[in-house]
Amino acid sequence: PSNSRHEVVDSYVATHLITPNKALEHAVENSTKRGLPMIAVSPVQGKFTSLLASLSSTRNLLEIGTLGGYSTIWFAQALKGQGKVTSIEIDQSRRDIAVENLQFGGFKPKDVDVILGAGLDVLPRLANEIKQGKREPFDFIFIDADWENQWNYFDFGVKLSAGKGSVVYVDNAVRNLVESDIDQSGSLESGKDGLVAKVGRDDRVDAVVMQTVGGKDYDGFLLAVVK
Ligand code: DHB
Ligand code: MG
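Conventions adopted
- Residues numbered from 1 in each chain as written.
- Chains lettered and ligands numbered in written order.
- Predicted model: local features only at pLDDT ≥ 70, side-chain atom pairs only at ≥ 80, totals over all residues.
- UniProt positions renumbered as here; feature names shortened; annotations may be inferred.
- Helix = DSSP H or I, 4+ residues; strand = E, 2+ residues; numbered from the N terminus.
- Rg over C-alpha atoms; globule rule 2.2 N^0.38 Å.
- Buried ≥ 20, exposed ≤ 12 C-beta atoms within 10 Å, placed from the backbone.
- Near = placed C-beta within 6 Å.
- Nonpolar A, V, L, I, M, F, W, Y, C, P; charged D, E, K, R; others polar.
- Pairing = 2+ DSSP bridges.
- Right-handed = clockwise from strand over helix to strand, strands pointing away.

As named in an unreviewed UniProt entry, the chain is O-methyltransferase domain-containing protein, taken from Penicillium antarcticum. Checking UniProt for the chain, the heading Sequence similarities (unreviewed entry) contains the comment "Belongs to the class I-like SAM-binding methyltransferase superfamily. Cation-dependent O-methyltransferase family."

Caption draft 1: Expanded view of the overall build of the chain. Counting its regular elements, the chain contains nine helices and seven strands. Computed over C-alpha atoms, the radius of gyration of the chain comes to 17 Å, within 12% of the 17 Å expected from 2.2 N^0.38 for 227 residues, which places it in the range of a compact globule. A principal-axis box enclosing the C-alpha atoms of the chain has dimensions of 50 × 50 × 30 Å. Burial status across the chain gives 41% buried among its 227 residues.

Caption draft 2: Examining the site of ligand 1 more closely. Looking at ligand 1, the residues that line it are I39, D144, D171 and N172. Looking at the shell around ligand 1 residue by residue, the classes come out as one nonpolar, one polar and two charged.

Caption draft 3: Spotlight on the pairing of strand β3 (residues 112-116). Note that strand β2 (residues 84-89) and β3 share five bridges and pair parallel. Among the inter-strand pairings, T86 is bridged to a residue of β3, identified as D113. In the classification by handedness, the crossover that spans β2, the intervening helix α5 (residues 92-104) and the parallel β3 is right-handed.

Take a look at the structure:
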């Protein structure tokens, strides 16, 4: 259930801290018109994740789950032409809409590459290209795709990362945790061995989960930094 106070604060923040932006507005309008589900990141979350990318001086950003390219545009803008966003989308029509939205925003293939394919098919290919020196590793990995594969994407994210200081961000981590991993009785010990438990045993990273509220209700993200 949505909470009107959270929505009001979210839109207040957006009004004062987010400069109106034609590319993002068009992406929302066109994605709605073309019938995409309204599950992209919110404007405030888009700004937050793009600030994180700036904060970590990201040059090569990998996104898993493009949808209509809304978050992709946020990231491409954060890189200011000094880097590249590589985004993976499994659905042909979603990819088409994302490419339309990116073209409207003036982004070129050298700025953003939307690869059509399933994450678990494309990621091993990217790993090979990095191994062969044909592609630079990624210093920011944004995972916003099917929940079933979150751990697999996370594991690839760390493998495809540039190493120490690289960031892996998993969207919707709390929804997943609450809906399936934490035992309904509230007993944390008997919870499922999900993403958060696996990341906790992963010596390659330091991580935390932040719960969030906003226009998109209660959820949260997992943020990991490669050691
Ligand atoms: C939903 C939200 C998301 O951010 C997402 O990636 C998938 C689904 C949702 O609200 O259902
Ligand atoms: Mg999401």
